[in-house]
Amino acid sequence: MIELLPIGAIFWAAFPFFVGFSIYLLPQLSRALTLVVTFSSLIFAGLIFWLDSPQTFQLLDSFGVTLTVDTLGGFFILTNALVTLAVLLYCWRSDKVSFFYTQLILLHGSVNAAFLCADFISLYVALEVLSIASFLLVTYSRSPRSIWVGLRYLFISNTAMLFYLVGTALVFKATHSFQFQGLIESPPEATALIFLGLLAKGGIFVSGLWLPQTHSQAESPVSAMLSGVVVKTAVLAMVRCALLAPALDPVLRLAGVATALLGVAAGMVERDTKRMLALSTVSQLGFVLAVPATAGAYALTHGLAKGALFLVAGALPSRDFKVLQEKPIALSLWAFGTIAALSVSGMPLIGGFVTKALVSKSLPLWQGVALNVAAVGTAALCAKLIFLPHSAAVTAPGKVKNLLPSMVVLLGGLMVANGVNPSAYSSLDTLVKAVGIVGGGWLLYWIIIRRVTLKLPWGVERLEHLTGTMSLSAIAIFLLVLYLMPLGGVTP
Amino acid sequence: MIMPVLEALVFATVICGFFGLIIKKSLVMKIIAMDVMSTGVIAYYVLVAGRIGLFAPIADSPDAILENGSYADPVPQAVILTAIVIGFSLQALMLVGVMKLARDNPTLETDAIERSYRP
């Protein structure tokens with residue numbers, strides 16, 4: 001079985017692209033084919049967990065493509081499969097044309113490829129294909145506003161990837177290979193440039209300020225894909241690098257804490273539901289980065305919950321919290337949103353709790369304190385959705401019928417995710433702490449946040465400023481890496 | 001001696017492109033600046049390939065022995081070919097987007113576009 005894994009992995013990685021382009025020939029089968037692709041990913045992820053033997057294989061010689069199949073990536077692949085499945089079920093009855101499903105499959109495939117590869121060039125190709133597919137999905141409505149948001153995304157991601165390519169060339173110059181391991185022996189500027197690209201692509205800290213507008217402007221199923229899985233491609237690559245080169249671990253931890261606090265602080269005062277969710281993504285990615293070893297499990301629960309939240313937000317009657325607070329929403333919508341929001345806050349009984357416990361188990365003090373502050377903020381931010389007025393008398397909008405199957409997938413997945421770390425329930429400390437964090441967050445919500453909405457300056461989100469920020473973060477990361485790896489890249 | 005100079009010029013190209021991306025107001029100019037930047041990156045790969053030698057790494061007869069140190073490294077060139085194609089297609093995509101935007105915003109000034117589509 002294990003001997004067949006390399007061939008299986010290659011076939012599985014190429015499969016979505018074959019299917020995606022054959023939709024052009026068979027447009028009437030678009031939805032069924034998308035379903036087949038998502039199931040193939042589900043099966044592959046299941047296979048990874050069942051075999052449970054981390055494998056890295058090289059195709060062709062030492063210059064060939066390197067692929068890694070392990071449970072860390074398995075979690076991400078599972079997230080991708082489930083979120084895509086939920087998005088597909090949500091769109092099943094909509095009037096989306098086959099073009100949409102083609103792009104969805106290509107996005108799904110390139111995300112899978114990015115989760116699989118372990119060398120910088122394959123990752124580059126996967127990330128670029130992914131940006132093209134995301135652009136086409138974001139601009140699906142063809143409105144001028146969506147085209148602008150898509151263009152802005154391409155500008156940022158393409159510039160980031162150009163820096164990344166320079167970093168990759170430096171790695172090749174130093175080690176004669178493109179593998180992730182090469183980072184250990186490369187000069188600090190290579191690491192700085194590669195991380196600059198990945199941080200921008202992954203939406204981390206100030207390099208990720210492009211994310212709120214992009215994710216909130218897209219249609220909700222697309223936002224669910226973007227926030228649920230797409231940004232995690234770059235995050236997984238960084239996590240893999242940090243696991244191979246432990247000297248880089250502090251960079252990730254620092255970036256993780258910074259983005260966790262920034263995202264949550266900006267999200268708390270946000271008035272727009274989808275922007276708030278996008279900012280919460282910026283913050284939650286910090287938890288994924290915080291402990292490389294547990295990144296997979298956290299990414300799974302976050303992806304499922306955030307996918308569900310975006311789909312629910314798309315069905316709400318308004319995007320403005322002020323309007324939503326005045327008129328009750330349908331009970332079913334509220335219930336779906338609340339379960340997902342409780343998971344993000346880390347409430348016991350739902351998947352988010354066990355993975356949060358997993359992350360906070362092995363943190364140094366400074367990181368633990370900062371992440372707990374961010375967790376309280378997250379609970380406060382989610383409280384904005386949980387405490388929306390609701391009533392059983394309100395008839396749910398027609399979209400809720402489409403919502404049901406995808407909610408079964410996402411929220412059911414969250415419940416099953418409890419099995420990732422069942423030991424969390426046996427420790428009273430963890431339970432009390434989780435409830436305390438959620439309670440603290442709700443208190444914060446009722447005392448302050450409910451009354452405050454700030455209009456944050458939008459200047460930082462302008463294209464020129466986003467590009468300029470990139471040069472600043474390049475310098476910051478370079479100095480940090482120089483400090484961490486003082487001996488010209490040789491790990492102490 | 002020539003190598004460090006070339007390297008400096010290549011990086012200057014990258015930086016020029018990056019500055020153009022920030023300074024230029026028009027969207028089309030920004031795309032051109034991005035192209036300048038990617039030209040710099042491509043040139044850098046070619047430079048890395050030419051570090052150990054400059055001949056094309058093609059053996060003209062089956063038993064020709066490629067002398068170590070005189071032939072260019074084929075790997076970075078092969079790799080950058082992919083990046084060129086991707087960069088080209090991204091640029092085409094962006095230009096199509098800009099054409100669509102130009103209908104409502106004929107000047108294509110980033111400031112004006114951003115102000116009219118602000119959240």
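I will try to describe carefully the structure that is included in this document. Everything numeric in this text was worked out from a predicted model, so none of it was measured.

1. Brief notes about the overall build of chain B
Scanning chain B from terminus to terminus reveals four helices and zero strands. Reading the secondary structure of chain B in the N-to-C direction produces α-α-α-α. A compact globule built from 119 residues would reach a C-alpha radius of gyration of about 14 Å, whereas chain B, at 20 Å, exceeds it by more than 25%. A principal-axis box enclosing the C-alpha atoms of chain B has dimensions of 65 × 30 × 20 Å. In chain B, which comprises 119 residues, the share counted as buried stands at 37%. Sequence-distant contacts, at least 24 apart, represent 52% of the contacts inside chain B between residues at least 6 apart. Positive and negative side-chain charges in chain B, numbering 8 and 10 respectively, have mean positions lying 20 Å apart.

2. Quick notes on the environment of A:I437
All names here are of chain A. One can find I437 in helix α19 (residues 428-449). C-alpha of I437 to C-alpha of V373: the two residues are 64 residues apart in sequence and 8.6 Å apart in space. Residues within four places of I437 in sequence aside, it is in contact with N372, A375, V376 and A379.

3. Structural notes on empty space enclosed by the protein
Residue and element names in this part refer to chain A. Scanning the entire structure with this criterion turns up seven cavities of 30 Å³ or more. Residue lining of the largest cavity: 16 residues in total, with K356, S360, N372, K433 and I437 positioned closest to the centre. If you list the elements that add at least two residues to the lining of the largest cavity, you get α16 (351-361), α17 (365-386) and α19. It is α16 that provides the largest number of residues to the lining of the largest cavity, a total of five residues. For the lining of the largest cavity, the class distribution of residues is nine nonpolar, five polar and two charged. Considered as a void within the structure, the second largest cavity measures approximately 70 Å³ in volume. Contributing to the lining of the second largest cavity are L309, V312, L316, I329, L333, W334, G337, T338, L385 and L388. Among the elements of the structure, α13 (295-315) and α15 (331-345) are those that each provide at least two residues to the lining of the second largest cavity. Its residues assigned to classes, the lining of the second largest cavity comprises eight nonpolar, two polar and no charged.

4. Looking at the environment of A:K327
Summarising the element assignment, A:K327 is placed in the loop between α14 (321-326) and β3 (329-330). Assessed through its relative accessible area of 63%, A:K327 is described here as exposed.

5. What about the nonpolar core?
Counting 208 residues, the largest nonpolar core has A:L123, A:F195, A:L198, A:L403, B:L27 and B:L101 as the members making the most contacts within it. Apart from the residues lying within four places of it in its own chain, the contact partners of A:F195 are A:L183, A:M238, A:C241, A:L248, A:V251, A:L252 and A:I477. Ranked by size, the runner-up nonpolar core spans five residues in total, among them A:F353, A:V354, A:A424 and A:A434.

6. Describing the interface of chain A and chain B
Residue-level contacts link 42 residues of chain A with 43 residues of chain B. Between chain A and chain B, a total of about 4100 Å² is buried, with carbon and sulfur atoms accounting for 76% of that surface. For the pair chain A and chain B, the number of links is four salt bridges. Between A:R462 and B:E114 there is a salt bridge, with the nearest N and O atoms lying 3.7 Å from each other. Summed over the shared surface of chain A and chain B, the result is nine residue pairs in polar contact (both at pLDDT 80 or more). Looking at the side of chain A that touches chain B, the elements that each hand over two or more residues are α5 (120-138), α6 (144-175) and α20 (463-484) of chain A. For the side of chain A that touches chain B, the leading source of residues is α6(A), giving 19 residues. Residue composition of the side of chain A that touches chain B, grouped by class: 24 nonpolar, eight polar and 10 charged.

7. A word on a nonpolar patch on the surface
All names here are of chain A. Taken together, the side chains of L443, W446, I447, I448, V452, L454 and L456 define a hydrophobic patch exposed on the protein surface, amounting to about 640 Å² of accessible area. Tracing the sequence through the fold places L443 in helix α19. Since its relative accessible area comes to 53%, L443 is described here as exposed.

8. Section: the packing of α20(A) against helix α1 (residues 2-23) of chain B
Between α20(A) and α1(B), whose axes approach to 8 Å, the crossing angle comes to 145°. For the pair formed by α20(A) and α1(B), the contact residues are A:E464, A:T467, A:G468, A:M470 and A:S471 on the first element and B:F18, B:L21 and B:I22 on the second. Grouping the constituent residues of the contact of α20(A) with α1(B) by class yields four nonpolar, three polar and one charged.

9. Describing unusual backbone geometry
All names here are of chain A. Positive phi outside glycine occurs at R142, with the angle close to 65°. By the secondary structure assignment, R142 is in the loop between α5 and α6. Take R142: its relative accessible area is 41%, and that puts it in the partly exposed class. The backbone of L349 sits at a positive phi, close to 85°, despite the residue not being glycine. Within the secondary structure, L349 sits in the loop between α15 and α16. With relative accessibility at 64%, the residue L349 sits in the exposed group.

Definitions and limits used
- Every chain is numbered on its own, with residues counted from 1 as its sequence reads.
- The order in which chains are written sets their letters, starting at A; the order in which ligands are written sets their numbers, starting at 1.
- pLDDT decides what is reported in this predicted model: residues at 70 or higher carry local features, side-chain atom pairs at 80 or more are listed and counted, and totals for whole chains, interfaces and linings draw on all residues regardless.
- Side-chain metrics rest on all non-hydrogen atoms present in the structure, leaving aside hydrogens and water.
- Put simply, DSSP H or I for four residues or longer makes a helix, DSSP E for two residues or longer makes a strand, and each gets a number counted from the N terminus.
- In this setup the radius of gyration rests on C-alpha atoms only. A globule is expected at 2.2 Å times the number of residues raised to 0.38.
- For every residue, the accessible area obtained with a 1.4 Å probe (protein chains only) is divided by the maximum for its type, and the residue is called buried under 20%, exposed over 50%, and partly exposed between those limits.
- Residue contacts are defined here by distance: any two heavy atoms, one from each residue, within 4.5 Å place the two residues in contact.
- In summary, the charge assignment counts Lys and Arg as positive and Asp and Glu as negative, without counting His or the chain termini.
- All charge positions are set by atom: Lys at NZ, Arg at CZ, Asp at CG, Glu at CD.
- For each structure, a 1 Å grid was placed over the protein atoms alone; sets of points admitting a 1.4 Å probe that cannot get out are labelled cavities, open sets with protein on both sides within 12 Å along at least five of seven lines are labelled pockets, and lining residues have an atom within 4 Å of a point.
- Grid points are joined across faces, edges and corners, and a volume is the space filled by probe spheres set on the points.
- Polar here means any residue outside two lists: the nonpolar Ala, Val, Leu, Ile, Met, Phe, Trp, Tyr, Cys and Pro, and the charged Asp, Glu, Lys and Arg; Gly therefore counts as polar.
- By nonpolar core is meant a set of buried Ala, Val, Leu, Ile, Met, Phe, Trp, Tyr and Cys residues that side-chain atoms within 4.5 Å join together.
- Here the quantity called buried area is the accessible surface, traced with a 1.4 Å probe, that two parts lose on coming together, added over both.
- Salt bridges are identified by distance alone: a Lys or Arg side-chain nitrogen within 4 Å of an Asp or Glu carboxyl oxygen.
- Polar contacts here mean pairs of N or O atoms no more than 3.5 Å apart (in protein, one a potential hydrogen donor and the other a potential acceptor; neighbouring residues in sequence count only if both atoms are side-chain atoms).
- In this analysis, a patch consists of residues with relative accessible area above 30% that form no salt bridge, clustered at 9 Å for like charges and at 5 Å for the nonpolar side chains Val, Leu, Ile, Met, Phe, Trp and Tyr.
- Computed with the Shrake-Rupley method and a 1.4 Å probe, the accessible areas treat only the protein chains shown as cover for residues.
- Note on definitions: angles span 0 to 180 degrees between N-to-C directions of axes, and those axes are lines fitted to C-alpha atoms, for helices only across the stretch in contact.

These figures come from the coordinates and say nothing about function on their own.
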